[in-house]
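# Chains, contacts and geometry: an overview
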Amino acid sequence: MIHLKEGVTTAGVQPQLLDGILSLVEVYLQYNLVLVVTALTDGVHHAGSLHYRGYAADLRTRTVPAWQLPHLLDAVQRKLGYDWDVVQEVDHFHIEYDPQHDGGKSLA
């Protein structure tokens, strides 16, 4: 199941990002968690962020037990694969479809 935080807009989301988010439902179910998207093309991000081009999303982590975070992060990265950057931020995972792969440097 996927939940969108109130106010999250889906306008301009690219198909690759949508496919990536949908593929993560299985991972979150394995951890008995609900996938909550807290930002897509909305919100305030760094200049040049892939959020604004529809290739990045933020996924809530504040409801994930601390001991589970590194395992979930690893599972998310494995599921999405090499063309994706996955970065753990303070209260969310930032995921972005980046086939040029910048070595984990987030454009958030």
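Quick caveat: nothing in here was measured; it's all calculated off a predicted structure.

The subject of this paragraph is the overall build of the protein. What the protein contains, in helices and strands, is two helices and five strands. What you see in the protein, going N to C, is helices and strands ordered as β-α-β-β-α-β-β. Over its C-alpha atoms, taken along the principal directions, the protein stretches across nearly 35 × 30 × 25 Å. Per-residue burial for the protein yields a buried fraction of 43% across its 108 residues. In the protein, once contacts between residues fewer than 6 apart in sequence are set aside, the share between residues at least 24 apart is 56%. Accessible surface, the protein: about 6,000 Å² in total, of which carbon and sulfur atoms supply 55%.

This part covers the environment of Glu26. Topologically, Glu26 is positioned in helix 1 (residues 15-30). In sequence terms Glu26 and Ala47 are 21 residues apart; their C-alpha atoms lie 32 Å from each other.

Moving on: the pairing of strand 4 (residues 84-88). Counted residue by residue, strand 4 has four buried out of five residues, so it is predominantly covered. Pairing of strand 4 with strand 5 (residues 92-97), which is carried by five bridges, proceeds in the antiparallel orientation. Bridge pairing links Trp84 to Tyr97 in strand 5. Two successive antiparallel strands, strand 4 and strand 5, enclose a turn made up of three residues.

Reading guide: rules and limits
The numbering scheme is per chain: residues are counted from 1 as the chain's sequence reads. Totals for whole chains, interfaces and linings use every residue, but because this is a predicted model, local features are given only for residues with pLDDT of at least 70 and side-chain atom pairs only at 80 or more, for both listing and counting. With hydrogens and water stripped out, all remaining heavy atoms of the structure feed into the side-chain values. Strands here mean DSSP runs of E at least two residues long; helices mean DSSP runs of H or I at least four residues long; both are numbered from the N terminus. Exposure classes here rest on a 1.4 Å probe applied to the protein chains alone. A residue is buried below 20% of its type maximum, exposed above 50%, and partly exposed in between. Between two residues, a contact is recorded if the distance between any of their heavy atoms is within 4.5 Å. Accessible surface area values rest on a Shrake-Rupley calculation with a 1.4 Å probe, where residue burial reflects the displayed protein chains alone. Whether two strands pair depends on DSSP finding at least two bridges between them.

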